[in-house]
Structure formats: structure tokens, C-alpha cells
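Here is what each chain is made of, one letter per residue.
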There are 2 protein chains.
Amino acid sequence: MGLKPNSALKASKTLFVLLSLFTFLLVGSQGENTAMDNVATERRAEESHRQDSANLLIFIMLLTLTILTIWLFKHRRFRFLHETGLAMIYGLLVGVILRFGVHVPRNMNNVTMNCSVNASPATLLVNVSGRFYEYTLKGEVSTVKGHDVQDDEMLRKVTFDPEVFFNILLPPIIFHAGYSLKRRHFFRNLGSILAYAFMGTVISSFVIGLVMYGCVTLMKAVGQLRGDFFFTDCLFFGAIVSATDPVTVLAIFNELKVDVDLYALMFGESVLNDAVAIVLSSSIGAYQPAGDNSHTFDATAMIKSFGVFLGVFSGSLALGVATGVMTALVTKFTKLRDFPLLETALFFLMSWSTFLLAEACEMTGVVAVLFCGMTQAHYTFNNLSPDSQDRTKQLFELLNFLAENFIFSYMGLTLFSFQSHVFNPLFIIGAFIAVFLGRAANIYPLSFLLNLGRKNKIGSNFQHVMMFAGLRGAMTFALSIRDTATYARQMMFSTTLLIVFFTVWVCGGGTTPMLSFMSIRVGVDSDQDSSVIVSDGTQHRNTKHESAWPFRIWYNFDNTYLKPLLTHSGPPLTATLPACCGPLARCLTSTQAYENEGHQHNDDSDELVLNDGNATMYGDVTVSTDASGTRTTNHKHLSASTMGITSEEALDQELAFGEHELVIRGTRLVLPMDDPPEPTVTLPPPPTSPPPFSDPFSDPFSDPRRNRL
Amino acid sequence: MGLKPNSALKASKTLFVLLSLFTFLLVGSQGENTAMDNVATERRAEESHRQDSANLLIFIMLLTLTILTIWLFKHRRFRFLHETGLAMIYGLLVGVILRFGVHVPRNMNNVTMNCSVNASPATLLVNVSGRFYEYTLKGEVSTVKGHDVQDDEMLRKVTFDPEVFFNILLPPIIFHAGYSLKRRHFFRNLGSILAYAFMGTVISSFVIGLVMYGCVTLMKAVGQLRGDFFFTDCLFFGAIVSATDPVTVLAIFNELKVDVDLYALMFGESVLNDAVAIVLSSSIGAYQPAGDNSHTFDATAMIKSFGVFLGVFSGSLALGVATGVMTALVTKFTKLRDFPLLETALFFLMSWSTFLLAEACEMTGVVAVLFCGMTQAHYTFNNLSPDSQDRTKQLFELLNFLAENFIFSYMGLTLFSFQSHVFNPLFIIGAFIAVFLGRAANIYPLSFLLNLGRKNKIGSNFQHVMMFAGLRGAMTFALSIRDTATYARQMMFSTTLLIVFFTVWVCGGGTTPMLSFMSIRVGVDSDQDSSVIVSDGTQHRNTKHESAWPFRIWYNFDNTYLKPLLTHSGPPLTATLPACCGPLARCLTSTQAYENEGHQHNDDSDELVLNDGNATMYGDVTVSTDASGTRTTNHKHLSASTMGITSEEALDQELAFGEHELVIRGTRLVLPMDDPPEPTVTLPPPPTSPPPFSDPFSDPFSDPRRNRL
């Protein structure tokens, strides 16, 4: 299901694309050229290679230019245009130049043959006067090709295979999103995030689909529609433009240090709804009523589609989590951490294999990669050596940055280089209205419903910002460019491009004014949280009620069994598992876990920093992880297993004390700054360790998005 | 010239390959599939995509397995099998399984058509009952294909396009080699290294070519040769097997801390001879005597080939250096260092663009990338922020590691998966003898000649080790798999594979015993050098005489003009340029350079660490860069410009004092280890800075190969 069946023909290209981050597969490359015979062909091939290098160079130069300009903007503190918007502008400029400036005459290589084959095989052997040449199928070609522009070789050349976005550019972006999810705030708002991401996206898709169907019917009435446009197409359009993009807005949120809950809601939603949208759109694509080409409503097909959606989503999730868990186990039970390079390479390969595994199992690789990233951050990250923690973080940060900017500059370029644009004013206006309505139908009703259950209400100003800042980005683009074969799809693609441009430039640029207009708190340190600074009983209650019961069950399970199993931290399994599993538990518990149990880790501060996020989760918070080394606040009494209090209470107290302790430590960490230049630091901190303030559910690296640039 | 003309047909594939690290180009992908019509094709395409994912997964799993086993070996201190040898073994096992275990029945997709086209265009439009399908040329197919094995779909699928090695896997390996070249020892032995790399490789190629020609003539006599095998083919074979591989042996050298001069000779030679071999082989490929197919000796063609060799080599060198210099300028004159992610991205993109630029200019990308890497290490590295220094180093380390192990495991796999092996016992025996003789003809006579001029002789034990440890690796493999179209090339490929296997396993595994047998010094700290530990006058002389005059001229030029121009260090240009260039010099000199001039950088230790390598080169060595901060040894009197001593003397003194100072600092750095656990360190060292010992010509990161694993 990684492939939308409609565009599956193109998937033959994925044959090449998928393998190509590292390697490349072209079946059977042994030919037999006796020299001199095909010098002309050689020349042409060489020329083509040269040309391709030059084309790719254009993109590299574009990215370089973007980087330099971003720097200039950051340097000058110019905030209204984000890097992605900038990349799009540069892409646009190059697109204009290529379209109107450069005219490479069309290479008349194409020979049309009338052959009596009645199938289109993937490989074709052509007998040219005694010699056999192998050809591979690239797809069906529209006979009306080049109807509006001259079929410029140059423009064709800078057009990438859409599958490249799915198989090469999206995975690192999505993985990075999962790997850098701020887990504390994410889990605190889990219920709301899931509601927005799942129900919201489905609602939005259907609302947009319905509005667009009305629009299309109107277009048919006034005779503006040249081809078919079924309701499923409308729904498909709804699904692809419902995926909000985390990039631009969250970069701004980060820079301004916007309220953490708003941040968590926006980021969580936009990360998860990417996954929802991709599976939803492929399910809609798979929706095929029993009657061929009837495109009428069919309950069976509908249910089947829904089943496909659920199956693919949960399957991909399971695969992603499974690979993550496996990486955690491998890093736990080997001493790979002595060799950071090996560890990083393993981490990278395992994460990549998730994608391949999911695609090989006909699941959705991108979704699997997302959940793999989250699992890696939650478990594996704690097993890595500090060096590898840095390396993996920085590696995926870089890959994410490059892929992201590449996609956005390609977007700009494609507005001019794509040769089958269909801009229909009616459709475009309809789409903008539909997107607006769809977003509204997602945010406002769901927020109302959620507020019924939430203690910490989602204020109306939050809702307006979420409404306004629902940008569309890389995922929407990738989904829409995937299939541009039919007239309907071409129209969708062109319209989607405009929606992305508009939201990134206007909404993205307007986010900062919007925030101040809505009087949203800015300048909040995401690691502190005003609502929990006073750790009294009321706040305990608050935290408790905020966390939904499924989350609490999961938390307890995770803390008691999964963390000890997959990482070095947490209570030893020997303490948590029933006695009958004794031998197994002993075998699975690392020596470090016993050390944790005995609270003997006073000397190895390195160890502690590594397991920081977990040590705090376990309860014996912050055992002298601070730089001064003097304070050894040790909340041992919080440990559920030793104190005999109920686990729910323990969770509550932990959350509260964790936060409280955090504040204390945060303050303490600031102290050396105020000290005279020569404080008597006893030992220099380990060079690559993360800053020692941390708390339950915080992501291990204090704020990856903030470090981003 | 990035393409061997003979295999240029295949370069059409590079169309895809080149773009595929990041992106992918498949010209004109808009087809028109009205749904339901080609469900069968879709199914097939989907299946193919699934299959490809699974195939790539095999390789990822292979690499993962290799990593885990490497760890085990390192953990157990098992040294006889290096990771590359291991990767080959795993590849071999998978190859055997695929070949004999898995039998995917051949997919009968191929349809042979007899058509009356009299050319083989790159793109073919096939009219299949009214619909047009686009096909791309993949190459000519041997009609005797599958003559020895069943043409297994699976085996075909795990066969990568050879161009992938050149365009995706080799560049990071070669760049890393250039970026991590130990510059101090490299420059000290520059003359010898150039002699071995250039003259040695040419000698070796010709010797091997001649021996092989004899062998081939013998084979013809006994009737063992089935096809043509010209003298140019023999020379070509000589060129490709003359490239020695730095990977395996140097990993061992590093681990054992072998004598630094031997290390420098081996590493320098193997890095440079890769570049020489690739250009040499393409020049031999371009050698085409006037008389068609005559393959006789033609002086004009010979001279032309030689011209091509020189042109391509120097052109690629110039391009690589130019891009490196540009990166240095950009990083110097912008304040990009405030944003390590941007900086790293820029560095990566610029380095990659070298490759593309060279390919677009019909130069050799791999060679350009090598010299780009060296330039980046020499200049740009010093402008980077400490964070970026780490990031770039680690990024290319990882890419190198992955690419290297991928190539070696693919090598193992290809022994069984490649379907047109030609193993000819006579040819193989001949080749082994030829390789042995060729290496001997390279090392011994040249060493003899070099020793005439060298003060620090290359001992006979060194020569034996260099002879023995001349492994063949990634470059040889990539060159030989590039063209396997003809019978001669297939025989070469199969033989080359065996040579690589033999040298990696036998010579690679035997290096450690060999070193002790030859009583080579091991356990030498590469950053210290026994020959200069006593920094008396004799050693000055020694250093001076060791460095050849072209090097000294270059050094002075570099130090006086290039370093100040391209980095923040060195004397300000205002001091070194003639007065007439005053305004220009002022404009090009950074404020930091003036600070260096005024020796005012006592407070910003970070700055100093950054410019460490240069600060020392400039003469005011080691201004309080040490951790204790107490010692501020300041050899200001060494500065040539201020003291008026000749620059040669300055160089000499610098070299010597630099070394001397290094030792002092090295010692001092060790001290804290012996100190009681609470030394009164005044300020913790900056977290990501390299260790503070450094010296002229040392590479900025103390020893990348040592950090490798």
C-alpha cells in the first residue's frame, strides 16, 4: 500500500529511485559494444551525463544560495520570511529563467514505432538490425503532450520523478520529526493531538471533498471542466491538502518561544496528520466500487477502504515501533557504545531499514519511519553513547534541513517547469475556500469537544492560531505530484501548489503578527512550564486530570516493563516482573539497571546524563547530575515499587516533582554564569553531554528545533 | 572525460544515477493512465517495487550484520580480519545463498520485437494499439546472455549499475581520504609520495600491461582465448589494478600506531594513485589509433592520450581546489559560523558541487573531490566553528564508513551474483604474477632513486611492507566493473575480483605479522615524532633538507598569501602584500587577522582553538591554547615578517619549534591524568574543541583514522 494503485505504473520507476540514496539498480547492464560502432550514441550519452550533472548543479547552487540568504536573514533578524519561503522564491526565479530564458532545442531522439505488441512489458528488447537493445518502460505518454508549451528538453530534465519525494526526501524529514518530538508536552496533550490528527484530518478531508464536489459540479454546469472529476477525486484532494506542515510555523514558534502547550498541539498534530493523510489518500485511491468506473457510493468498498486505512496505518506503526525496539535491544545488549561510529552507522541503517521493510511489506514506509523515529528517541537514544547521541541528532538534522529546503525550492521551480499545469480560477477559489472551511471544521468543533474534557482548556486564541497556522507543505506537495496523469490530477496539482505558496508566504509570514495580535505568551522556556512551577497539591491534581487514563496505563506499563527491558534505566526487571519470570528477568536486566536500583551511580556522572530522561522517570530524580555536584536531592521515596503507593499516585508525584526539581536545577545551572570568572568547578563536565536539566517526558536533547539553525 | 568513451553508452544510466543521492530524474513522467485498464501492469510494478525494497533490505541487513561483527571483533581484540574483509565474507555468503538457494523464476516480461529502426535512440515511444509508451535505452544486450547460468531475476536485481560506484559510493570515500589526510607527514614526504603515486603507478601499469600481454599471447597460442584481447586492454588492466587501497592496511597501521613516515608514504600514495589510476585508465580507453580497430602503436594517439591524461588530471585538480577555495572564502567572509547547521550544510553542498561541476565540465569528479577535500581540510576547516568541524568530520566519516563497507560487501556478493564471470586459470595466474611484479617495479627502483635524494632514507623494511601491503580495493573494483561488456573485460573483472579478495584477506590479514617480522616501529604516537623530539640544530637541518624546494616555495606562498587570504589566521595581508595593493589587502583581511597580528587573543580561547593549526603555522605558536591556561609560551620572535629573517629559516624554525612545543603541550595535557581527582582547573575546556595539541602540517583533528571506529 505504499503505492497508490492508480499511480502504480510509475512505481516501476521506484525500482530505481528507492535504491538510489545509496545505490542503484539497473537490471542486467551487460551489453556488448564493440567500439567505434556507436560513437554517436556514446557522444549523446556523454552529453546527457554532462547535462544531468549541470542540472543537479543548479539545484545545489540554489540550496547554497538559500543557505547564504537564510544566514543573512538570521543575521539581520529578519523574521517575516522563513527559509522555506525563501527556498521557494529562489526556486521560482530559477523556474522562470529556465522556462523563458534558456531554450534548449528539443532533441529529436524519440522514434515512434508502430508495433503489434498488445501489452506494455516492463522490459523491451528491441532488435535493431541484428543487435538487441534493452529498453525499460517509463510510463504511458500523453499524446497531447506539449499542448501548451514547447516540449523543452531542459524543463523535462529538471523534472524529478515524483517517487523521489516519497522514497528519498520525505523519510528523513519525517524521521527527524519523530526523533525530535518534544515528548513531555506531546504526551501531556496526547488525547487532543490524536483527536486533531485523526478525527480532524478525516473531518477536514471530507469537508474539503464535499466543498470541492460542489465546486466541480458548478464547473461542470458552466462548462469549465474538460475531463472527469469524480467524488473520489474530490476526497483525494481533501486528503492531500489536509496534511499540515510542521516546518515553517514551528520554526517561528521555536524562535519566539511560544507557549509550550500550543507548540505541542501544533507540532504533534502536524507530524501525525502527515501520516494520516498519506494513508488516507492511498485508501481513497484504493476505493473502487464494485461496478467498474461507476464511481458511485458503495458501502462495501467504503468499509474495505476503511479497513485498508486501519490495516496499513497500524501495520506501519507496528513495523516502525518493532524496528525501533530492535535497535534499542541491540544497542542495549552489545557494547557498541564504545565505538560511536559503529553505533551511529547501525542506528542509521536500522532506521532506514524500517522504511524498506515497510515498503517491502506493502505498508507505508513514511509512516513506519515516523513511529520508528519516536521509538528511537524514547528508548534507543538512552542507550547510545553521548557521542552517538550528538551524531545521530546532527545527522538527521542535516538530512532534514537539506531535504526540506530541496523540496521547497523544487516547489518554486515546478510552478514554471511543470508542463501540464491546469489553472482553473473557479477550482482555485473553491479550493481556497474549502481548505479554509476544512481547517475550521477540524479545529473549532474538536476544540469545543476537547475542552469539555480538558482541565487545561484550549483557549480561543490558541484555536485561532491553530486555524491560521495550518500551513501546507512538503507532504501535500509530494502527495499531489505523485500522480499528475489525468486532467483532474493536474488541476489538483496546480491548485495545491498555489495553496502551499499562499499558506507558506502569507500564513507563515503572518504568524508572528498573529501571535502578538492573539496575545499568545511568548518567551516561555519550553523546559519550564509556568503551570507546574508551584508544585503544590492542586498542581498534582491538575497533572493527573490532564493525563488521560489510557496514557497513564501506558505510562505505567512503559515505565515498569518496557523501559527496563529496552534501556539501561528504570527499575530492574527482576523487581517488576512476577517471580516466575525470574531467570528471564535476570537475563534481560543489565548490570546498570541494578546499579540504578541500588542508587550507586554517584561517580559515573556520564552514565547518569546518558540515562537522564529515564532516571527521572524512574523516580530517583536528578541524582547529582548537576555540574556543581554538591546537591544530591534524591527522591528515592517516590519509587513506586519500594514505597508501595499506587502507581498512579507515583506518576502524579513524579510528574510534579520532576517539574519542580527541574526548575530548581534549571536555576542552579544558571548560577555559574553569575559567579566570578573562576568558580571552583571540581571536574569539567563531559564534553558532549546534554545540559543536565531534564524531566519526565522531555525529549533527551533539550530542544532540537531550537538548535536547528 | 569522467566517462570512459567505451562505456559511455552506459553513461546514459548515469542520467539517473548521478542525481540519485538526493534526487532522481526521469524525463517526462507524465503518462495518461485511465484507471482499471492496466491493472496487471500496476500489479507488476507494485510487485517490482516491493521486490526492490526487499533487495535493498538485504544489503542493509548485510551492513548491519557487518557492523555487529566488527564490534565483536574489536571487542575481542581480534585483529586478523578487518571490517572490509568481513564485509566481503558476508557478501560472499549472501551471494551463495542467492545463487544457489533462492530461485525466482524468470519473469517473462521481455518481448523481442523486430523493428526497422536503424538507430538505437535514448528514448523510444512505442505505439501499442493506439497508446504510446515511453521506453528508455538501457544498453545493448548480449545475445549469448545467460549462457552459463539461468538468467535469474533475483540475481539480476541485486546487480547494481556500475556507475553507482563512481557517482555515489566513491566520492564520499575519496573526499574523506582527502579531508583526513595527515598533512604534516604528508607534506614532509611529498616528493616521495608524488613519485610513488605518479611515476610508480605509470610504471606499474606498464609492467602489468606487458606481462599480461605476454600472458595473453601465450593463451592465444594454447587456444584458451575466446575473444579479442588487445595491448590497450592489457594496459587498461594494468591501470585499474595499480590503484592501491588505503582502507584496510591503514586501519591496521592506525591501530598499531605504525611509524608515521611509513604511514604517510602508504596513505599518501594510495590516496593519490586512486586519482592517477582513474585518469590513466580513461586515457588508455581514449587511446584510439588512427586506423580503425587496428590497435597498433600510434605515436600521435599515444601523445594525445598523454595530453588527455595531463589535461583531465590538472583540470580536475584545479576544479577541486577552486571549489575548496570558494568554500573557504564564503566561510571566511560570512558569519555563518554562528549557525553550525547552515555551515555544515553549505560545506556539504559545496563539496558535492565539486563533483558535479567536474562531471559537467567533462573532468573526473572523483579526482576533483579528492583535491577539494584536501583544500577544505587545509583552509576551510580553520574557518568553521568548532561545532561544524566536528559535524563535517563525523558526517564524512559516517558516509565513508557506509560506502566503504557497502562496496566491499557488494564485492563479495558479486562473485556469485554476477552472471558473466570468465575465470581463466592462465590469465589469473598471469595476473597475480603481473600484479606482484608491477608493485615491485614501482616500489624498489623508485625507493632506490628517492633514497639518493632523501636524508631520511626509506629503509628496506619499509619497502618490503609497502610492497606487501599494496592492497587493491574499492577503486580497482569500481573501475573494473564499470565496463563488463566484452569478453576481455569480463575476464578482467573476474580476475580483479580475485586479486582484491586475495590482497584484502591474505595481505591485509598478514600485515600485522609482517610489521613485526620487518621490525617496524609500532606504538608511535603519530602526533609526536621521535626524530624531532630533540629540537636541536641538527634536527632543524634535517627538517629543512627533508622538505624539497618546491614544497618550501609553496609553503612560503601559502603562509604569506593564501592562508591570510582564505582563513582568519596568518599574518594580515596588509603586512605581506606590497604597498600598492593596500586597499585590496585591507578589504580582504579579517579583523581576526589583525588580532592575530597584535597577539591579542588571550581571552577568546575558542577562537584560538579554531585557528589552531594556522596560529601555529603563522609562528606565534600555542598562545595559551592549553587547558591549564597558565603557560603562554609565545614564539613571537619566529614571525618572519616582524623579525626580518628569511622565510626559509622561519619555516625551519617553525617546523622544529612547532614540533617541540607540541611535545611540551602533549606532555602537559597528560598531566591532569596523573593529578589527584580534583585539580584546580580554572575553566572547563570548550566542549567541542579538538584536543589542544597541534602543530604545523598536522591535520586539524588529531587523528581521524584513529577515531574512526
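Going along each chain's sequence as written, the residues are numbered from 1 onward. For this description, chains carry letters from A and ligands carry numbers from 1, given in the order in which they are written. Local features in a predicted model are, by the rule used here, given only for residues with pLDDT of at least 70; side-chain atom pairs are given and counted only at 80 or more, and totals for whole chains, interfaces and linings are based on all residues. Here the side-chain values reflect all heavy atoms present in the structure, with hydrogen atoms and water set aside.

Named according to an unreviewed UniProt entry, chain A is Sodium/hydrogen exchanger originating from Salmo trutta. Regarding chain A, the UniProt comment filed under Sequence similarities (unreviewed entry) reads as follows: "Belongs to the monovalent cation:proton antiporter 1 (CPA1) transporter (TC 2.A.36) family." UniProt positions are given in the numbering used here, feature names are shortened, and annotations may be inferred rather than shown by experiment.

Student: Please explain the overall build of chain A as it appears in this structure.
Tutor: Here a strand is any run of E in DSSP of at least two residues, a helix any run of H or I of at least four, and the numbering for each starts at the N terminus. For chain A, the helix and strand inventory stands at 29 helices and three strands. For the exposure calls, accessible area comes from a 1.4 Å probe over protein chains only, and a residue counts as buried if that area is under 20% of its type's maximum, exposed if over 50%, partly exposed in between. Scored against the burial criterion, the 709 residues of chain A give a buried share of 64%. Residue contacts follow a heavy-atom distance rule, with two residues in contact if any of their heavy atoms lie within 4.5 Å. Sequence separation of 24 or more characterises 81% of the internal contacts of chain A that already satisfy a separation of 6 or more. In the structure as shown, chain A presents an accessible area of about 24300 Å², 65% of it carried by carbon and sulfur atoms. Areas reported here follow the Shrake-Rupley algorithm with a probe of radius 1.4 Å; residue values treat only the protein chains shown as occluding.

Student: What exactly am I supposed to notice about the domain arrangement of chain A here?
Tutor: Accessible area lost upon the coming together of the parts is a frequently used measure of interface size. Residue and element names in this part refer to chain A. Residue ranges for the domains originate in an automatic or database domain assignment. In terms of domain boundaries, chain A breaks down into domain 1 (33-158) and domain 2 (162-289 + 305-527). In this complex, domain 1 contributes 33 residues to the contact, which on the side of domain 2 involves 27 residues. Note on definitions: buried area is the accessible-area loss of two parts on being combined, 1.4 Å probe, summed for both. When domain 1 packs against domain 2, the two sides together hide about 2700 Å² of surface, and 68% of this comes from carbon and sulfur. Just to be clear on terms, a salt bridge is a Lys or Arg side-chain nitrogen sitting within 4 Å of an Asp or Glu carboxyl oxygen. Across the domain 1-domain 2 interface, the total number found is zero salt bridges. Any pair of N or O atoms that falls within 3.5 Å is considered a polar contact. Within protein, one atom must be able to donate a hydrogen and the other to accept it, and sequence-neighbouring residues count only if both atoms are side-chain atoms. For the pair domain 1 and domain 2, the number of links is two residue pairs in polar contact (both at pLDDT 80 or more). The element that contributes the greatest number of residues to the side of domain 1 that touches domain 2 is helix H3 (residues 83-101), accounting for 14 residues. Of the residues belonging to the side of domain 1 that touches domain 2, the class tally is 18 nonpolar, seven polar and eight charged. Each residue is assigned to one class: nonpolar for Ala, Val, Leu, Ile, Met, Phe, Trp, Tyr, Cys and Pro, charged for Asp, Glu, Lys and Arg, and polar for all the others, Gly among them.

Student: What am I meant to see in the nonpolar core here?
Tutor: Where a protein is soluble and globular, its nonpolar side chains tend to be buried together. Within the largest apolar cluster, 299 residues are counted, with the highest numbers of intra-cluster contacts made by Phe 237, Phe 253 and Leu 262 of chain A together with Phe 237, Phe 253 and Leu 262 of chain B. Setting aside its immediate chain neighbours within four residues, Phe 253 of chain B contacts Val 258, Leu 262, Tyr 263, Met 266, Val 465, Thr 511 and Leu 515 of chain B. What we call a nonpolar core is a set of buried Ala, Val, Leu, Ile, Met, Phe, Trp, Tyr and Cys residues that are connected through their side-chain atoms within 4.5 Å.

Student: Teacher, can you tell me more about the side chain of Arg 391 of chain A here?
Tutor: Relative to the helices and strands, Arg 391 of chain A resides in helix H14 (residues 386-417). Residue class for Arg 391 of chain A comes out buried when judged on its relative accessible area of 8%. Setting aside residues up to four positions removed in sequence, Arg 391 of chain A forms contacts with Pro 340, Leu 341 and Thr 344 of chain A together with Gln 394 and Glu 397 of chain B.

Student: What's the story with a nonpolar patch on the surface in this structure? I'm lost.
Tutor: Residues and elements named next belong to chain A. A patch is a set of surface residues, each over 30% in relative accessible area and not in a salt bridge, joined within 9 Å for like charges and within 5 Å for the nonpolar side chains Val, Leu, Ile, Met, Phe, Trp and Tyr. A cluster of nonpolar side chains, namely Ile 429, Ile 433, Phe 436 and Leu 437, defines an oily patch on the protein surface of about 400 Å² accessible area. Following the sequence through the fold, Phe 436 ends up in helix H15 (residues 425-453). Of the residues examined, Phe 436 reaches a relative accessible area of 53% and is grouped as exposed.

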